[in-house]
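Observations on the model geometry
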2 protein chains.
Amino acid sequence: MDQRVVGAGGFGDGGDPVAGSRSGPVLSRLGRGAEFDLIRGFYRGARRGGTGGVRIGAGDDCAVVVGESIAISADLSIEGVHFRRTWLSPEEIGYRAAVAALSDLAAMAARPIGILASLAVTPDDAVVIADSLMLGVRRAVEGVGGELLGGDLTRSPGPVILDIVVVGEAASPVLRSGAKAGDEVWVTGTLGGAAAAVRAWGSGAVPESTLRERFAAPTARVREALWLAERTLPRAMIDLSDGLAGDLEHLAAASGVAIVLQSDAVPVHPAAATASKSIEDAFELAIRGGEDYEICFAVRPGSLVPHQADFERSFGVPLTRIGTVEAGAGVFLEGTEGRTPLPPPGFAHFDGPD
Amino acid sequence: MDQRVVGAGGFGDGGDPVAGSRSGPVLSRLGRGAEFDLIRGFYRGARRGGTGGVRIGAGDDCAVVVGESIAISADLSIEGVHFRRTWLSPEEIGYRAAVAALSDLAAMAARPIGILASLAVTPDDAVVIADSLMLGVRRAVEGVGGELLGGDLTRSPGPVILDIVVVGEAASPVLRSGAKAGDEVWVTGTLGGAAAAVRAWGSGAVPESTLRERFAAPTARVREALWLAERTLPRAMIDLSDGLAGDLEHLAAASGVAIVLQSDAVPVHPAAATASKSIEDAFELAIRGGEDYEICFAVRPGSLVPHQADFERSFGVPLTRIGTVEAGAGVFLEGTEGRTPLPPPGFAHFDGPD
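The structure displayed is predicted, hence computed values, not measured ones.

A word on the overall build of chain A
For chain A, the helix and strand inventory stands at 12 helices and 13 strands. Residues classed as buried in chain A amount to 64% of the 354 residues present. A total accessible area of about 11500 Å² is found for chain A, and carbon and sulfur atoms account for 52% of it.

Structural data, given as structure tokens:
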């Protein structure tokens, strides 16, 4: 750049100037400046017009989408809170942040249209990692048939901040509120892997490779959810972001029912079990550890079993029946020692330390 | 709260645990925990079902909206970058962040449906200011006929971070790309007020009250844009977030035209002019200072003048013709000394300091 204009409309005080580019989604035909060159780079080789539904993509003040019914969710990923740079590559950070958001589309059985990504980094990081972060975001969204609808870049005072907005078509959204007494509760995949990786890092160790993979490269169960919804199987659904215990509590509360979890049915990630000092410890990882991004859903009794083998063959992902829906409220654990109410949900990270 | 579960799925390392609630939009029927009590508070007394268009509001994994054509934009506001807490009250911070995002809907002449707000604060701030921040967000969106479609709360390692996603109906979106040679360029309101306030704070002074108001409580020109679009007046439109100079450059680039700005026509905010040491200085504030959130648009020659008095009477906001569209590229300044190309846009805050 041969010319420059510095922060705060030119009013930097030398310390921490307040400067915010407020550009909306931007693309190829922008004004000059290093910031816009960076943003243009986000779209290099990007897939466009993937699934349809995009009327106006990146490059104007808003993205404009069309569809029968549009599902939207936003998800913040913040360095030091949701990830650490010592754990993941920049591309993995972007990929994982996007999967976390896309998982909310899966939870509703919505078909992804695209992502708007707002990225905040320090000026140094902008040069070094912004491109890789956005490449990860794009890989995630393009992998489920969507496209990058907008990318915005802002200065951060320190931590990398990624806000991912997912947009999808949800003509027949599966809500959290449709579970009925008598339904079965099922879950995809295995649980506790991501949490086991976090625990390993937290204790100064290196997680076993499949555990690291569960944290660094989770899959948003978009295709799986669409497959199930096409067969009108799930009556209520949620994705597992806060941890099975907490997310079941959300499902139970939204549906106005009780959920009884069979403790010996919970599919613990094999490597998480190996890495745990006891069966109880592994079970805690599986029900309390968040960010597995599996989907959990209620179906009419007996309705899923005829499809189970077909599903597992199609996706290479196990389906496990983990509990039942009853009249009442709350989540209960049923094991060898009978039935007990589950303590409060997943992690409530604003509760005080005492 | 009589029970608690601490960060990172229970794996806090005592220092900076990695803990992220990934809940999507949430509402009243959630599990227990202080975090969800806080989030529930965001909706206390909230307006619901305002303009229609909302199929599923807050409380599930995604919000679901219906409309002919849905416009979506996201905007990050970060403490120390876009605002300082010493300048604004928490409610003003939330209000201003929401207006910045709603302004992108105005720029497309989209009718607001609602906002999804992701808020990241420290645990201490969660108790003290989260409610006020969200009250400000709600006041902004409810003021233009929309509603809060989702509110999410995450832990921040320090700065207050607000990501605002705006959703609107844009059956006939006004793009940046429709300006044609011969068109007139107009702007609403006056410019430079917000930047003059930032400059005052930056020099340790207290901004004059109308300038402070321009920064703290801007108006998203949603109604004004809809009024103009109903009369099919704007052929291309943008909101002024990066500063007039930079935003005109975006408009010119998107439309593949040149824009010639009449320097003596630029409507400088009166108090910004008073606070400036020279006419040139005031002019720089008006064209370089960002975040005025006025709208700037191109119209067919002569088409706007018959409506000008009606507009100004309806909204109490002046309309000013500031330039013309020509064949070519770039933005030029025409004044007493002839025509000169404008230096690069607004502020490019990732350009280096030398």
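Let's pick the thread back up.
Examining the packing of aromatic side chains
In the structure shown here, the tally under the stated rule is 12 aromatic pairs over all chains. Geometrically, the ring pair formed by Trp87 of chain A and Phe215 of chain A is edge-to-face, given 5.8 Å between the ring centres and 75° between the ring planes. On the criterion of sequence distance, the pair formed by Trp87 of chain A in the loop between β3 (70-78) and α3 (90-107) and Phe215 of chain A in helix α7 (residues 209-216) is long-range, its members being 128 residues apart. In this structure Trp87 of chain A comes out as buried when scored by relative accessible area, which is 7%. The exposure class assigned to Phe215 of chain A is buried, which follows from its relative accessible area of 2%. When the centroid spacing of 5.4 Å and the interplanar angle of 75° are considered together, the rings of Trp201 of chain A and Phe215 of chain A count as edge-to-face. Separated by 14 residues along the polypeptide, Trp201 of chain A in helix α6 (residues 193-202) and Phe215 of chain A in helix α7 bring together distant segments of the chain. With a relative accessible area of 14%, Trp201 of chain A lands in the buried category. Joined through ring pairs, the aromatic side chains of Trp87, Trp201 and Phe215 of chain A make up one cluster. Positioned over the ring face of Phe215 of chain B is Arg96 of chain B, at 3.7 Å from the centre of the ring.

A look at the pairing of β3 of chain A
Among the nine residues that make up β3 of chain A, nine are buried, leaving the element largely enclosed by the rest of the structure. In terms of strand pairing, β3 of chain A meets strand β6 (residues 161-169) of chain A through nine bridges, oriented antiparallel. Opposite Ala71 of chain A, over in β6 of chain A, you have Gly168 of chain A as the bridge partner. When β3 of chain A meets strand β2 (residues 63-65) of chain B, the two strands line up antiparallel, connected through three bridges. Its bridge partner lying in β2 of chain B, Ala71 of chain A is registered against Val64 of chain B.

Re the sheet that holds strand β8 (residues 236-239) of chain B
Residues and elements named next belong to chain B. Spatially, the seven strands line up as an open sheet ordered β8-β10-β7-β11-β9-β12-β13, and their pairing is mixed. The open sheet has two edge strands, β8 and β13 (338-341), and neither has a second partner. Neighbour-to-neighbour, the strand axes of this sheet turn through a mean angle of 25°, independent of strand direction. Strand direction decides the pairing type here: β8 and strand β10 (residues 295-299), joined by four bridges, are antiparallel.

Section: the pattern of salt bridges
Applying the stated criterion across every chain yields a total of 44 salt bridges over all chains. Between Arg176 of chain A and Asp60 of chain B there is a salt bridge, with its nearest N and O atoms 3.9 Å apart. In this pair, Arg176 of chain A sits in the loop between β6 and β7 (184-188) while Asp60 of chain B sits in the loop between β1 (54-56) and β2, so the two residues belong to two different chains. Taking relative accessible area as the criterion, Arg176 of chain A reaches 3% and is therefore assigned buried. The class for Asp60 of chain B is buried, based on a relative accessible area of 5%. Between Arg199 of chain B and Asp281 of chain B there is a salt bridge; the shortest N-O distance is 2.8 Å. Here Arg199 of chain B, found in helix α6 (residues 193-202), pairs with Asp281 of chain B, found in helix α11 (residues 279-288); they are 82 residues apart in sequence, far enough to count as distant. By relative accessible area, Asp281 of chain B is classed as buried at 14%.

Quick look at the side chain of Ser73 of chain A
All names here are of chain A. Relative to the helices and strands, Ser73 resides in strand β3. Accessibility expressed as a relative area gives 1% for Ser73, which makes it buried. One polar contact links Ser73 to Asp104, side chain to side chain, over a distance of 3.2 Å.

Quick word on the state of the cysteines
This model, assessed by the stated rule, comprises zero disulfides over all chains. Left without a disulfide partner, Cys62 of chain A is nearest to the cysteine sulfur of Cys296 of chain B, which lies 16 Å away. Taking the relative accessible area as the measure of exposure, Cys62 of chain A reaches 0% and is therefore buried. Residue classification places Cys296 of chain B among the buried positions, given a relative accessible area of 0%.

Some remarks on the side chain of Glu184 of chain B
Residues and elements named next belong to chain B. The residue Glu184 is located in strand β7 (residues 184-188) in this model. When its relative accessible area of 6% is taken as the criterion, Glu184 is described as buried. At a separation of 2.8 Å, a polar atom in the side chain of Glu184 contacts the main-chain amide nitrogen of Gly302. At 3.4 Å, the side chain of Glu184 and the side chain of Arg321 are in polar contact. Beyond its immediate stretch of four places on either side in the chain, Glu184 contacts Phe297, Ala298, Val299, Arg300, Pro301, Gly302, Arg321 and Gly323.

What about helix α9 (residues 244-255) of chain B?
For α9 of chain B, which comprises 12 residues, the first-to-last C-alpha distance of 16 Å matches the rise-based estimate of 16 Å (1.5 Å per residue) to within 8%. Burial analysis of α9 of chain B places 11 of its 12 residues in the buried class, the great majority of the element.

Focus: the packing of α3 of chain A against α7 of chain A
Residues and elements named next belong to chain A. Following both chains from N to C, one finds α3 and α7 inclined at 60°, their axes separated by 9 Å at the closest point. Compared by their axis directions, α3 and α7 come out oblique. Contact with α3, carried on its side by Glu92, Tyr95 and Arg96, involves Arg212, Phe215 and Ala216 of α7 and no other residues of that element. Here the contact of α3 with α7 is built from residues that sort into three nonpolar, no polar and three charged.

The rules behind each value
- Residues numbered from 1 in each chain as written.
- Chains lettered and ligands numbered in written order.
- Predicted model: local features only at pLDDT ≥ 70, side-chain atom pairs only at ≥ 80, totals over all residues.
- Heavy atoms only, no water.
- Helix = DSSP H or I, 4+ residues; strand = E, 2+ residues; numbered from the N terminus.
- Buried < 20%, exposed > 50% of the residue type's maximum accessible area, 1.4 Å probe, protein only.
- Areas by Shrake-Rupley, 256 points an atom, 1.4 Å probe, with all protein chains shown as cover.
- Phe/Tyr/Trp six-rings, centres within 6.5 Å; stacked < 30°, edge-to-face > 60°.
- Lys NZ or Arg CZ within 6 Å of the ring centre and 35° of its normal.
- Pairing = 2+ DSSP bridges.
- Axes fitted to C-alpha atoms, helices over the stretch in contact; angles between N-to-C directions.
- Salt bridge = Lys/Arg side-chain N within 4 Å of Asp/Glu carboxyl O.
- Polar contact = N/O pair within 3.5 Å; in protein donor to acceptor, adjacent residues only side chain to side chain.
- Disulfide = S-S within 2.5 Å.
- Contact = heavy atoms within 4.5 Å.
- Expected span 1.5 Å × (residues − 1).
- Parallel < 35°, antiparallel > 145°, perpendicular 65-115°, else oblique.
- Nonpolar A, V, L, I, M, F, W, Y, C, P; charged D, E, K, R; others polar.

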